Every structure is written in structure tokens, then in C-alpha cells.
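Geometric and topological summary
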2 protein chains.
Amino acid sequence: MKVIVAEDQGMLRGALSALLDLEDDIEVIGQAADGAEALEMIRTLRPDLCVMDIEMPKMSGLDVAEALQKSKDPCGVVILTTFSRSGYFQRAMRAGARGFLLKDSPVSELAAALRDVQAGRRAVSPELALTFWEAENPLTEREREVLKLAREGLSSGEIASRLFLSGGTVRNYLSEAIQKLEAKNRIDAIAAAEKNGWLD
Amino acid sequence: MKVIVAEDQGMLRGALSALLDLEDDIEVIGQAADGAEALEMIRTLRPDLCVMDIEMPKMSGLDVAEALQKSKDPCGVVILTTFSRSGYFQRAMRAGARGFLLKDSPVSELAAALRDVQAGRRAVSPELALTFWEAENPLTEREREVLKLAREGLSSGEIASRLFLSGGTVRNYLSEAIQKLEAKNRIDAIAAAEKNGWLD
DNA sequence: GGATGAAGGTGACAATTGTCATCCGGAAAA
DNA sequence: TTTTCCGGATGACAATTGTCACCTTCATCC
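Quick notes on the rules
- Residues numbered from 1 in each chain as written.
- Chains lettered and ligands numbered in written order.
- Predicted model: local features only at pLDDT ≥ 70, side-chain atom pairs only at ≥ 80, totals over all residues.
- Heavy atoms only, no water.
- Near = heavy atom within 4 Å.
- Polar contact = N/O pair within 3.5 Å; in protein donor to acceptor, adjacent residues only side chain to side chain.
- Helix = DSSP H or I, 4+ residues; strand = E, 2+ residues; numbered from the N terminus.
- Least-squares fit on C-alpha atoms with pLDDT ≥ 70 in both.
- Contact = heavy atoms within 4.5 Å.
- Buried < 20%, exposed > 50% of the residue type's maximum accessible area, 1.4 Å probe, protein only.
- Arc of directions from axis to C-beta.
- Pairing = 2+ DSSP bridges.
- Axes fitted to C-alpha atoms, helices over the stretch in contact; angles between N-to-C directions.
- Salt bridge = Lys/Arg side-chain N within 4 Å of Asp/Glu carboxyl O.

**Quick word on the protein's contact with DNA strand C**
Around DNA strand C lies a shell of 16 residues, among which S156, R171 and R186 of chain A together with N172 and Y173 of chain B are the nearest. Counted by atom, the contact set of DNA strand C within 4 Å of the protein is 54% sugar and phosphate. In this structure, a base nitrogen belonging to DNA strand C sits 3.0 Å away from a side-chain N or O atom of N172 of chain A. The backbone of S166 of chain B places a nitrogen or oxygen atom 3.5 Å from a phosphate oxygen of DNA strand C. Of all the secondary-structure elements, those providing two or more residues to the surface near DNA strand C are α9 (167-180) of chain A together with α9 (167-180) of chain B.

Okay, here's the thing in C-alpha cells:
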């Protein structure tokens, strides 16, 4: 089967490609260093599968999966990620990903996952099956937006003018987010949201 | 030459070990998933070199390098890291590391670096040579300590009682840190310090 | 000894942040 | 149509955070 490897960290991308290529039934026909490049490559090279990192520049792996789904591209997606965050997993499943495994698994498991997916089965790291039951993202669009700007170190006032709101409203959203996440202040809230993959 | 690979992310650790082992002159005699395990392994297996990640559980790669230096262990250290942070680089050099490269380099470069170091030369990613000239950590011990607690989402008051200081003093340290780092507030300061590897 | 300066420590004050009660407008239910 | 509900929005208030001018201690240099 023909696969593409999309992963921004050069060493892992190269190592993974080399090892997968050693397998008799797998041929790596392309390597992408960011999401946009991956999408482009899938559309021109038409691989059977794509091994996709989530955290990448330009477009995240999840963005790419969603784009493929929208354009009804037949290329199967196997997500490969460092973090077992419930938000990531849920979004990946909704975006039609057929495999989801952690970068902690050995390469042999990745190869096995590729074969499973190619055969029409799903492949999910056991650690992640549990994640399925975890909480949904409790933040509204607005709250997420404000929290993301706060993460960049902006003050409430700056966030307000960036979003054309009053300062009070911004503080209000932050306050709601803090309570929903059971945090003590905005820093705590940012950490809590990130841990679950609820920002981005 | 006999080497050990210390890296917490399973997939990269396995892939790297497999590929290095394919080289005629390199033999991977051990793999460690955290710093403590790496140190233990170096002392019992006595490899020529160790490929060492920085961010690992229990002991960071830099902690291990420092421990080896203190005990005058002859094992050479090649640091392998995601981030080009000046603080990391400077600390690694002081700890006697002989190689320092980014996880963006291809595996072939890692193999070349191992040979260079084994031959008594240094091996440093070109991106990092510049880093040598970058700013030293401007934060005092106290400021770093306070900033690290702030990063966990603690309020000034909580930090104060944790360190047996008055609230005012803590705010004072944070204020100094904010100014030294040219940040707008504590969140910004935390981000700036982390970017340079000045916390930990 | 006395001057100098660096690092740690303090409280007063101003600015920013977090909380709350409340308001508004549109969609869904009655 | 009226009612109810809910997300979005607001300003008043209190708590927390950031700044500043000023002490203290202790080592260093004349």
C-alpha cells in the first residue's frame, strides 16, 4: 500500500519513513513537514493512507483530516500524536480518521495499524479507548477565542479591542471559563484547557 | 562504537535505535525512557556514547550530563532536542556535552555527529552555533523560583505562603522578571522565559 | 573604618483581573 | 402571541496583580 508521512519533526519523519519503507507491503511515496503540504501531496499523489501528526505548522493534522472528509477524499487517515487529549480524539473521530495512536507506541504497532485500516478496520491505541468517555469541551466558541488570546499574554483590554468588545465582557468570558474549568485564575484555566486539547 | 539511546517518546526511541543499529560501526546496546534509567544504564553497560533527549521524566538529559561530569564518567554525551533554546545549549556545554543537535536534523546527521564525537571532535547543529552568542539568563534564582510557581497557576498570595514571603515581595519579584523579560504581564513573562529555556 | 553596590525584602498605590447581578435579543416552546 | 430560555453583553464592585520608592543586609573595594 502507498502511504504518505506527515510530521513536522524532521528526525521522526525520516526515521518513520525509512522503517515503514522496509516493510514489504508498505511503500512511502511522500513526506510532508506541515499540514498544507500534506493536503497538497495527498491530492496529487493519491496515496492509500496518510500517517498524520496533529501539531504541525500551517494546518494541524485535524484540519487536514476535516478537509479530506469535506472533499470526500478516499485517503485513509491514521493520526499519530504525542498527547492523549480527549478533545483531539473526539475531533479526529468526527473527522473520519480511522486510526489514532500515540507516539509512545513502537513502530511495529504503527505498521500493524496501517494494515488494519487498509483492511477496513479501525486502529486505536488502547490508552485512548478510555478517552472516548471523557468530558466534551465545555467552552463556547467565544470563551475559547478569549482564552487563546489570553494565552499569548494579552491583557483583558487588549483582547477586548482585538475582538471589538468591552473590557468587562472579556473579563466575563474569562471568568466563565475559569469556573467551567474549575481553575483558580486565567493561567490555571489555560493549562487546564490545553491539557484536554480544548484550545486550537 | 557502543551507544545508548535515551529518549522518552517510545516511537522515536525505537526508530532511532533501529536505524543507528543498521550502521556498520554503531551498536545500540541499550535504550532508556527517562533520565534516571539512562544514568543507571551508562554506569552498568559502559557505552562509548549516549544520545540524550533533554525533556525526560525523573531527570532531564541535562541533569544526567551534569551527573556524569561530576563522576568523571568517560561516556560522551550527544544532546538531541526539539528546541533551540540558548539556556539549554549553554548548560549542556558547561556540563561537558560534546554534541548538540536538533530533532529536525535527519538521522544521517545524528550518525555523523556520533562519529565526530567519538573521534574527539565536537558536533553542533549549525542553527545552534549562533545561539552561543545569545543572552544569558537574566533572572535571579528567586525570580525563577517565583515564576515557576506562577506557571502552575498559583496566585501571588499562594506563592508567598509557599516560600514564606510577604505577598508584596512576591509581586515585586514578578514585576522585576516581567521587566527584565520585556513582558507585559506574568503570562507573557512565563512564555518568554520558557522560550529561552530559562525555567526548570 | 567608610563608601559602594548588589541582592533580598517591604508597604503604599494604581492598574488589571475576577465575580456578580442584570440586561438584551432571538429561537424554541406553550 | 406570549412565555421561557439561553448565549452574548454590560457595568459596578472586590480581589489580585504590577509598579515604585525605599529599607536592610552583606560582601567588596578603597
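Read on for the rest.
**Thoughts on the relation of the copies chain A and chain B**
Once chain A has been moved 0.0 Å along the axis and rotated by 180 degrees, it coincides with chain B to within an RMSD of 0.3 Å. Such a combination of rotation and displacement between the chain copies is what one expects of a two-fold axis. Looking at chain A, 100% of its interface residues are interface residues in chain B too, so the copies touch through the same face.

**Concerning helix α3 (residues 61-70) of chain B**
Residues and elements named next belong to chain B. Every buried residue belonging to α3 is among G61, L62, V64, A65 and L68, and all of these are buried. Buried residues along α3 cover an arc of 160 degrees about the axis, so they all sit on one side. In this structure, the buried side of α3 is in contact with α2 (35-45), β3 (49-53), β4 (76-81) and α4 (86-94). Directly after α3, the chain includes K72, whose backbone phi takes a positive value near 50 degrees.

**Some details on the sheet that holds strand β5 (residues 99-102) of chain B**
All names here are of chain B. Reading across from one edge, β2-β1-β3-β4-β5-β6 is the order of the six strands in this open sheet, with parallel pairing throughout. At either margin of the open sheet sits one strand with a lone partner, and together these are β2 (27-32) and β6 (123-124). Note that β3 and β4 share five bridges and pair parallel. Within β4, the position partnered with L49 by the bridge is G76. In this fold helix α1 (residues 10-22) packs onto β1 (2-6), β2 and β4, with an angle of close to 170 degrees to the strand it touches most, β2.

**A look at the pattern of salt bridges**
Tallying each qualifying case throughout the model produces 26 salt bridges over all chains. We note a salt bridge from E141 of chain A to R144 of chain A, for which the minimum N-O separation is 3.4 Å. Within this pair, E141 of chain A and its partner R144 of chain A are both found in helix α7 (residues 141-151), separated by three residues, close to a single helical turn. Across the pair K58 of chain B and D34 of chain B runs a salt bridge, and its minimum N-O distance is 3.7 Å. Highlighted residues: K58 of chain B in the loop between β3 and α3 and D34 of chain B in the loop between β2 and α2, separated in sequence by 24 residues. Judged by relative accessible area, which is 72%, K58 of chain B ranks as exposed. A relative accessible area of 10% places D34 of chain B in the buried class. In the salt-bridge network here, residues are joined through shared partners; they are E7, D53 and K103 of chain A.

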